[in-house]
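Examining the three-dimensional arrangement
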Amino acid sequence: GSQPVQLELENIFIVVEPRTSFEYNEERDKKKAIKDKIDKLNSLEEIKLEMTQLQQNSSTQAKEKEDAGFAAKLAEKVLDNIQISIKGIHIRYEDNTDTEKPISLGIVLQELSAHTTDSKWVRSFQVDAQSTFKQVSLNNLFMYLNTQPAAARPVSSVSDLSKLINSSEYTNQCEFLLRPVSGHVRCRYHKSPIASPKFRFQVLVDTIAFTLNETQYNRMLQLLSFLSVSQKKNNIYMTKFVDQFREGTVTERNKYIT
């Protein structure tokens, strides 16, 4: 057809919080070990099945080669005209371990779109063109590390996450690491095998600004320290489990082996 393929992704909100405790669950890990072994066996069976099918289909390779040309042209046409739209992405880490010094670290993307254009960068549909033109438009990409309680407080609903994308008033409360960035990236791809260069890029961005104040720096160090301590605690629990396994009798060890 003459209509481009459109891929749309909209309103994705993710909130991550630190795990403050770790408990070893023997039964859960035992079930996981069994599941992992079953998955490996299934993978081996799939490989054997694929090898058998390849041997059985060797006689049809000539026909497949004939169809490959048509499939390649169809795939090229789809890729030349595909349109991608991503809107409303907010990924946020909240740490309220110290209630007097909460922090929130996040990345926000208001909109990202990619589409095919003509040589004058106007949207178009291409068929058997010698060169493909693509333009990627970026609108309000930023990162923040909030250290003030009003902005760093835990979110209570999806609407709170959405506000940070669409409300300038709420955005003004952010303590930016990367200030909002908007712009365009243009690409020209020459399909001719003798063309040089094959790709030409043009980047149009008004401003890219990174900021880091003293409070943000100190909170980042505290966060890294907390993550390091948490990892050490996890390692202590796992080491204890391994020691119990090594020092146990054969009967006791068999409890952990499936």
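These lines cover the structure that appears in this document, whether it is placed above or below.

Moving on to the packing of aromatic side chains. Taken as a whole, this structure holds four aromatic pairs when the rule is applied. The interplanar angle of 85° and the centroid separation of 5.6 Å between the aromatic rings of Trp 121 and Phe 133 together place this pair among those described as edge-to-face. Taken together, the residues Trp 121 in the loop between strand S3 (103–117) and strand S4 (131–146) and Phe 133 in strand S4 connect sequence positions 12 residues apart. Aromatic side chains Tyr 189 and Phe 199 sit 4.9 Å apart centroid to centroid with 25° between the ring planes, which places their arrangement in the stacked category. One end of the pair, Tyr 189, is in strand S5 (residues 176–190); the other, Phe 199, is in strand S6 (residues 199–205), and 10 residues separate them in sequence.

Moving on, we get to the nonpolar core. One finds Val 108, Phe 142, Tyr 144, Leu 164, Ile 165, Cys 174 and Phe 176 forming the largest nonpolar core, which totals seven residues. Setting aside residues up to four positions removed in sequence, Val 108 forms contacts with Ile 89, His 90, Asn 140, Leu 141, Phe 142, Tyr 144, Leu 164 and Ile 165. By size, the runner-up hydrophobic cluster in this structure holds five residues, among which are Ile 103, Leu 145, Leu 177 and Leu 223.

Moving on, we get to the pattern of salt bridges. Overall, the coordinates contain two salt bridges when judged by the stated rule. Here Glu 94 ties to Arg 92 by a salt bridge, and the two come within 2.8 Å at their closest N and O atoms.

With respect to the helices, strands and loops of the structure, Gln 130 is situated in the loop between S3 and S4. A residue is classified by how much of its surface remains accessible, and Gln 130, at 58% relative accessible area, is exposed. In sequence terms Gln 130 and Ser 192 are 62 residues apart; their C-alpha atoms lie 6.7 Å from each other. Leave out the neighbours within four places in its chain, and Gln 130 touches Tyr 189, His 190, Lys 191 and Ser 192.

One non-glycine residue, Asn 11, lies in the positive phi region at around 55°. When you line up the elements, Asn 11 lands in strand S1 (residues 6–16). Notably, Asn 140 is not glycine yet its phi reads approximately 60°, a positive angle. Among the secondary structure elements, Asn 140 is positioned in strand S4. Overall, Asn 140 belongs to the partly exposed group, its relative accessible area being 26%.

The next thing to look at is the sheet that holds S3. One open sheet holds the six strands; their spatial order is S1-S2-S3-S4-S5-S6, and the pairing between them is mixed. Edge positions in the sheet fall to S1 and S6, since each has one partner strand and no second. The mean inter-strand angle of the sheet, taken between neighbouring strand axes irrespective of direction, is 10°. As judged from the 10 bridges shared by S1 and strand S2 (residues 83–95), these two strands associate in the parallel manner. Bridging from a neighbouring strand, Gln 6 pairs with Gln 83 of S2. Each of S1, S2, S3 and S4 touches helix H4 (residues 158–166); the most contacted strand, S2, lies at about 115° to it.

Within H4, burial applies to Asp 160, Leu 161, Leu 164 and Ile 165. Projected onto a plane normal to the axis of H4, the buried residues spread over an arc of 150° and lie on a single side. For H4, the exposed residues set more than 90 degrees away from the buried face come down to Val 158 and Asn 166.

Right, let's get into a nonpolar patch on the surface. Side chains of Val 136, Val 185, Phe 199, Phe 201, Val 203, Val 205, Ile 208 and Phe 210 sit close together on the surface and give an oily, nonpolar patch of about 780 Å² of accessible area. A total of four residues in the nonpolar patch trace back to one element, the largest contributor, which is S6. As for its placement among the helices and strands, Ile 208 is situated in the loop between S6 and helix H6 (214–247). For Ile 208, a relative accessible area of 55% corresponds to the exposed category.

Cut-offs and rules
- Each residue is numbered by its place in its chain's sequence as written, counting from 1.
- Per-residue local features of the predicted model are confined to residues with pLDDT of at least 70, and side-chain atom pairs are confined, for both listing and counting, to 80 or more; whole-chain, interface and lining totals are unaffected and use all residues.
- Hydrogens and water molecules were not included; the side-chain quantities draw on all heavy atoms of the structure.
- Only the six-membered ring of Trp is used, alongside the rings of Phe and Tyr, when aromatic pairs are assigned; centres must lie within 6.5 Å, and planes under 30 degrees apart are stacked while those over 60 apart are edge-to-face, with the rest tilted.
- In this description a helix means any DSSP run of H or I spanning at least four residues, a strand means any run of E spanning at least two, and both kinds are numbered starting from the N terminus.
- Put simply, a nonpolar core is a bunch of buried Ala, Val, Leu, Ile, Met, Phe, Trp, Tyr and Cys residues held in one set by side-chain atoms that sit within 4.5 Å of each other.
- Exposure classes here rest on a 1.4 Å probe applied to the protein chains alone. A residue is buried below 20% of its type maximum, exposed above 50%, and partly exposed in between.
- In this description, contact between two residues means that some pair of their heavy atoms is separated by no more than 4.5 Å.
- By definition, a salt bridge exists where a carboxyl oxygen of Asp or Glu is found within 4 Å of a side-chain nitrogen of Lys or Arg.
- In this description, strands pair whenever DSSP reports at least two bridges between them.
- Lines fitted to C-alpha atoms define the axes, with helix axes restricted to the stretch in contact, and inter-axis angles between N-to-C directions lie between 0 and 180 degrees.
- Directions drawn from the helix axis to the C-beta atoms are what define this arc.
- Like-charged residues are merged into a patch within 9 Å and nonpolar side chains (Val, Leu, Ile, Met, Phe, Trp, Tyr) within 5 Å, provided each residue has over 30% relative accessible area and no salt bridge.
- Accessibility throughout is a Shrake-Rupley quantity obtained with a 1.4 Å probe, and a residue counts as covered only by protein chains that appear here.

Just geometry here; none of it tells us what the structure is for.
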